[in-house]
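One letter stands for each residue in the lines below.
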Amino acid sequence: MKYFSLLIIFFLIAGCSKHTIQTSNTKFPAGQKLYLSKCGGCHRTYDRLEYSPEEWDSILVTMRSKAKITDEQEKEILFFLKERD
Ligand code: HEC
C-alpha cells in the first residue's frame with residue numbers, strides 16, 4: 001500500500017512536469033538558468049514554444065526592464081527561448 005501511494009505521487013509529479021519547461025535538451029544552459037531565475041519570479045515560466053521567436057523579441061523589450069537584466073543576459077535568454085529542435 002505504501003508503494004502504491006508512492007506510485008501515485010510519482011505519476012502526479014510526472015504529470016505536472018509535462019507543463020513545465022524542458023530542463024534538458026538545450027544548447028544554451030546559461031540562458032535557461034537565467035530565464036528560470038530572472039523571469040520566473042513574477043509569473044510562471046512560459047514555455048518557449050508558447051511564443052514564436054519574433055514574439056520573444058518583442059516580449060523581451062518589455063520584460064528586460066522588469067527583470068533588470070543586462071544586454072548580455074538578455075542575449076543569453078533569447079538564445080534559449082528561440083532555440084527550436
Ligand atoms: C517584475 C515582474 C516581472 C518580471 C521580472 C518579468 N515579468 Fe513577464 N510579465 C510581468 C507581468 C506583470 C506580466 C503581465 C502583464 C503584461 O502583459 O504586461 C508579464 C507577462 C509576460 C508574458 C506574457 C506576455 C503576453 O503577451 O501575454 C511573457 C511571455 C513574459 N512576461 C515573459 C517574461 C520574461 C522572458 C521575463 C524575463 C526576462 C519576464 N517576463 C520577467 C511581470 C514580470
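Everything numeric in this text was worked out from a predicted model, so none of it was measured. (Residues numbered from 1 in each chain as written. Predicted model: local features only at pLDDT ≥ 70, side-chain atom pairs only at ≥ 80, totals over all residues.)

A few points about the overall build of the protein
Part 1: Within the protein, the regular secondary structure consists of four helices and zero strands.
Part 2: Counting from the amino terminus, the protein carries its helices and strands in the arrangement α-α-α-α.
Part 3: In the protein, of all internal contacts separated by at least 6 residues, the share reaching a separation of at least 24 is 78%. (Helix = DSSP H or I, 4+ residues; strand = E, 2+ residues; numbered from the N terminus. Contact = placed C-beta atoms within 7 Å.)

Topic: the packing of helix 2 (residues 29-39) against helix 4 (residues 71-82)
Part 1: Running from amino to carboxyl end, helix 2 crosses helix 4 at an angle of 105°, the nearest separation of the two axes being 7 Å. One way to sum up the angle between helix 2 and helix 4 is to call them roughly perpendicular. Contacts from A30, G31, Q32, L34, Y35 and K38 of helix 2 reach helix 4 at Q73, E76, I77, F79, F80 and L81.
Part 2: Grouping the constituent residues of the contact of helix 2 with helix 4 by class yields seven nonpolar, three polar and two charged. (Axes fitted to C-alpha atoms, helices over the stretch in contact; angles between N-to-C directions. Parallel < 35°, antiparallel > 145°, perpendicular 65-115°, else oblique. Nonpolar A, V, L, I, M, F, W, Y, C, P; charged D, E, K, R; others polar.)

A short note on the site of the ligand
Part 1: Near the ligand lie 15 residues; those nearest to it are C39, C42, M63, K66 and A67.
Part 2: For the shell around the ligand, the secondary-structure elements that each account for two or more residues are helix 2 and helix 3 (53-67).
Part 3: Here the shell around the ligand gets six residues from one element, more than from any other, and that element is helix 3.
Part 4: Grouping the amino acids of the shell around the ligand by side-chain chemistry returns 10 nonpolar, two polar and three charged. (Near = placed C-beta within 6 Å.)

Topic: the environment of L34
Part 1: Along the chain, L34 falls in helix 2.
Part 2: Those residues within four positions of L34 in sequence are excluded, and the remaining contacts are Q73, E76 and I77.

So, helix 3
Part 1: Of all bends in helix 3, the biggest is about 40°, found at V61.
Part 2: Burial runs low along helix 3: only zero of the 15 residues are buried.
Part 3: Immediately beyond the C-terminal end of helix 3, within one or two residues, lies K68, with a positive phi of roughly 50°. (Bend = angle between axes of the 7 residues up to and from the residue. Buried ≥ 20, exposed ≤ 12 C-beta atoms within 10 Å, placed from the backbone.)

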